[in-house]
Amino acid sequence: MNASSTLLPAVVRPAVEERAWLSSDHCASPVLELLGGLGWAIVDTPEANVHCTSPDGRVYVGWLPEDTTAWKRGIVWQVQVHPSDAEPWIQEFGPDTPSEGVAGFLAALIAALPRTSQ
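Residues numbered from 1 in each chain as written. Predicted model: local features only at pLDDT ≥ 70, side-chain atom pairs only at ≥ 80, totals over all residues. Heavy atoms only, no water.

A. The nonpolar core, seen in detail. Counting residues in each nonpolar core, the largest one holds 20 residues, and the members touching the most others are Val31, Leu35, Val59, Val61, Trp77, Val79 and Leu106. Broken down by element, the residue count for this core peaks at five residues, all from helix 3 (residues 99-112). Ignoring anything within four residues of it in the chain, the contact list for Val61 reads Val31, Leu35, Trp40, Val50, His51, Cys52, Trp77, Gln78, Val79 and Leu106. (Core = buried A, V, L, I, M, F, W, Y, C linked by side-chain atoms within 4.5 Å. Buried < 20%, exposed > 50% of the residue type's maximum accessible area, 1.4 Å probe, protein only. Helix = DSSP H or I, 4+ residues; strand = E, 2+ residues; numbered from the N terminus. Contact = heavy atoms within 4.5 Å.)

B. Broad picture of the pairing of strand 2 (residues 50-53). The alternating pattern of strand 2 places Val50 and Cys52 on a buried face and His51 and Thr53 on a face that is not buried. Judged from the four bridges that link them, strand 1 (residues 41-44) and strand 2 form a sheet pairing that is antiparallel. Within strand 2, the residue paired with Asp44 across the bridge is Val50. A loop of five residues connects strand 1 with strand 2, the two strands running antiparallel in sequence, and Ala48 in this loop sits at a positive phi of about 85 degrees. In the sheet, strand 2 pairs with strand 3 (residues 59-63) via four bridges, with the strands oriented antiparallel. Considered in strand 3, the bridge of Cys52 is made with Val61. (Pairing = 2+ DSSP bridges.)

C. Just the environment of Pro46, in detail. Tracing the backbone shows Pro46 in the loop between strand 1 and strand 2. Taking the relative accessible area as the measure of exposure, Pro46 reaches 83% and is therefore exposed. Spatially, the C-alpha atoms of Pro46 and Glu66 are 9.9 Å apart, while their sequence positions differ by 20 residues.

D. Up close: the environment of Ile110. Here Ile110 shows up in helix 3. Linking Ile110 and Val59, residues 51 residues apart in sequence, is a C-alpha distance of 9.4 Å.

E. Spotlight on the packing of aromatic side chains. In this structure the tally under the stated criterion is two aromatic pairs. Relative to Phe105, the ring of Phe93 has its centre 5.3 Å away and its plane inclined at 70 degrees; by these criteria the two rings are edge-to-face. Residue Phe93 is located in strand 5 (residues 89-93), and its partner Phe105 is located in helix 3; the two are separated by 12 residues in the primary sequence. Among the residues examined, Phe105 registers a relative accessible area of 28% and is labelled partly exposed. (Phe/Tyr/Trp six-rings, centres within 6.5 Å; stacked < 30°, edge-to-face > 60°.)

F. How the structure looks around the side chain of Gln78. The topology assignment puts Gln78 in strand 4 (residues 77-81). On the basis of relative accessibility, which here comes to 11%, the residue Gln78 falls in the buried class. Only 2.6 Å separates the side chain of Gln78 from the side chain of Gln80, close enough to count as a polar contact. Of the polar contacts made by the side chain of Gln78, one reaches the side chain of Glu92; its length is 2.8 Å. The contact partners of Gln78, leaving out residues within four places of it in the chain, are Tyr60, Val61, Gly62, Leu64, Arg73, Ile90, Gln91 and Glu92. (Polar contact = N/O pair within 3.5 Å; in protein donor to acceptor, adjacent residues only side chain to side chain.)

G. A look at the pattern of salt bridges. A full pass over the atoms with the stated rule returns two salt bridges. For Asp56, the salt bridge is made with Arg58, and the minimal N-O distance between the two is 3.7 Å. Look at Arg58 and you get partly exposed, because its relative accessible area is 31%. The salt bridge involving Glu92 is made with Arg73; its shortest N-O contact spans 2.1 Å. With Glu92 in strand 5 and Arg73 in helix 2 (residues 68-73), the pair connects residues that are 19 residues apart, well separated along the chain. When its relative accessible area of 45% is taken as the criterion, Arg73 is described as partly exposed. (Salt bridge = Lys/Arg side-chain N within 4 Å of Asp/Glu carboxyl O.)

Printed below as a string of structure tokens:
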């Protein structure tokens, strides 16, 4: 099957200056600012891990840079979703995933949630 070039999406290449977020400094700020701005409960531990819960308690986000169990599995971020009408699911992100990417994932997830979950 051959696709006409007119049917293919246009390639958009941002300027190099606009790609700085692709090499994150591995701080949790983009995610924590997003969730804090939405009124999520945010708790940090003495070990420097951070746990966030949506206002309705159905979504958990963990920033786990000092969690030995997470290290062994190669993750830094864990997102747990407990829908009221479906099976719970988990998405995890490793240390090479920029926090801005995790924030983008969460922003899309939150936009798709019913208003009570935000």
